[in-house]
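# Reading the structure
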Amino acid sequence: MAIILYDLCGRDERLRFSPYCWRVRMALAHKGLEYTTVPWRFRDKEALAFANYDKVPVLTDGDTVVTDSFDIMRYLDKAYSANPVLGEGVSYQRVQFFKLYVERSVTPALFRTVALDLLAAIHPDDRAYFRETREARFGMRLEEVNNPEQGRAQLKQLLAPVRDQLRISPFLDGEAPSGADYLLFGSMMWAYTVSLERLVDANDPVDEWFKRMLEVHDAVAGKAVTIRDL
């Protein structure tokens with residue numbers, strides 16, 4: 001069965017920056033699964049009507065349709081049990097907690113750091129939609145949300161436990177990356193893909209970890225097109 005991933009693209013179809021899609025891409029690479037991607041843009045809701053969903057990632061595996069990045073990662077563990085990403089039992093509960101930490105703490109700080117860069121990376125036809133929906137979410141204009149200095153300061157504080165963990169192991173999940181690494185990396189890759197802003201200090205354990213993550217799984221992330229290439 002052919003696996004297909006509907007994946008958010010930007011002003012250039014090769015620019016893929018969704019943090020949630022990057023989670024899935026890394027999970028697929030972790031399991032060594034081949035797949036193809038379908039580029040998708042914010043306003044192309046009709047393309048996902050078959051999934052009864054209005055955002056990506058959406059994954060199809062033959063006749064199976066799975067939505068939501070965490071549910072897709074869970075599905076991959078069940079359908080392809082070798083090399084688990086999220087695990088079961090206590091391991092699953094811990095990675096689920098880490099998911100909430102990334103989404104509710106780290107990702108908002110990253111957004112504050114790269115909000116206007118992200119707007120510029122989006123396809124011009126999607127920018128009005130993106131501005132309207134995000135400004136409604138934050139209750140202010142993107143120009144007010146965007147504050148790289150403040151975002152980096154928040155990020156430095158929020159990543160303190162991650163930094164300490166990476167001082168004792170090369171990856172969050174130990175000697176090799178797995179679910180927790182992919183959850184955080186998805187958000188970091190999102191910001192890195194669309195912006196030239198430095199997210200963490202050079203030689204910070206998180207920076208060293210990010211460089212390692214770019215190289216794992218045959219450098220699937222390191223070979224990706226970013227704003228630097230356009």
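Okay, so let's go over this structure. (Residues numbered from 1 in each chain as written. Predicted model: local features only at pLDDT ≥ 70, side-chain atom pairs only at ≥ 80, totals over all residues. Heavy atoms only, no water.)

### Some remarks on the pairing of strand β4 (residues 64-67)
Short version of the rule: At least two bridges found by DSSP between two strands is the condition for calling them paired. For the purposes of this entry, the term helix denotes a DSSP run of H or I that reaches at least four residues, the term strand denotes a run of E that reaches at least two, and both are numbered from the N terminus.
The pairing of strand β3 (residues 58-61) with β4 spans four bridges and is antiparallel. Each residue of the ladder has a partner; that of T60, found in β4, is V65. Hairpin remark: β3 followed by β4, antiparallel, with two residues in the connecting loop; positive phi at G62, about 65°.

### A look at the sheet that holds β4
Here is the rule we go by: Axis geometry follows a simple rule: fit a line to the C-alpha atoms, using only the stretch in contact for helices, then measure angles between N-to-C directions, giving values from 0 to 180 degrees. Whether two residues are in contact is decided by their heavy atoms: any pair within 4.5 Å suffices.
Taken in spatial order, the four strands line up as β2-β1-β3-β4 in an open sheet, and their pairing is mixed. Here the strands that pair on one side only, and so sit at the sheet edges, are β2 (36-40) and β4. For this sheet, the mean angle separating the axes of adjacent strands, direction not counted, is 20°. Pairing analysis gives four bridges linking strand β1 (residues 3-8) to β3, with the strands arranged antiparallel. When the sheet's bridge partners are listed, L5 is paired in β3 with L59. Contacts from helix α1 (residues 19-30) reach β1, β2 and β3, with the element oriented near 150° to β1. Contacting β3 and β4, helix α2 (residues 69-79) crosses the sheet at an angle of about 135° to β4.

### Some details on the nonpolar core
How we decide: The term nonpolar core refers to a set of buried residues drawn from Ala, Val, Leu, Ile, Met, Phe, Trp, Tyr and Cys, joined through side-chain atoms within 4.5 Å. Working definition: with a 1.4 Å probe on protein chains only, accessible area under 20% of the residue-type maximum means buried, over 50% means exposed, and in between means partly exposed.
Counting 73 residues, the largest nonpolar core has L184 and W209 as the members making the most contacts within it. The element that contributes the greatest number of residues to this core is helix α3 (residues 89-121), accounting for 14 residues. Ignoring sequence-local partners within four residues, the contact set of W209 consists of L166, P170, F171, L172, D181, L184, F185 and M188.

### Topic: the side chain of S178
Looking at the secondary structure, you find S178 in the loop between α7 (160-166) and α8 (179-194). Classification of S178 by relative accessible area gives buried; the value is 12%. Look past the residues within four positions of S178 in its chain and what remains in contact with it is H30, P84, V85 and D173.

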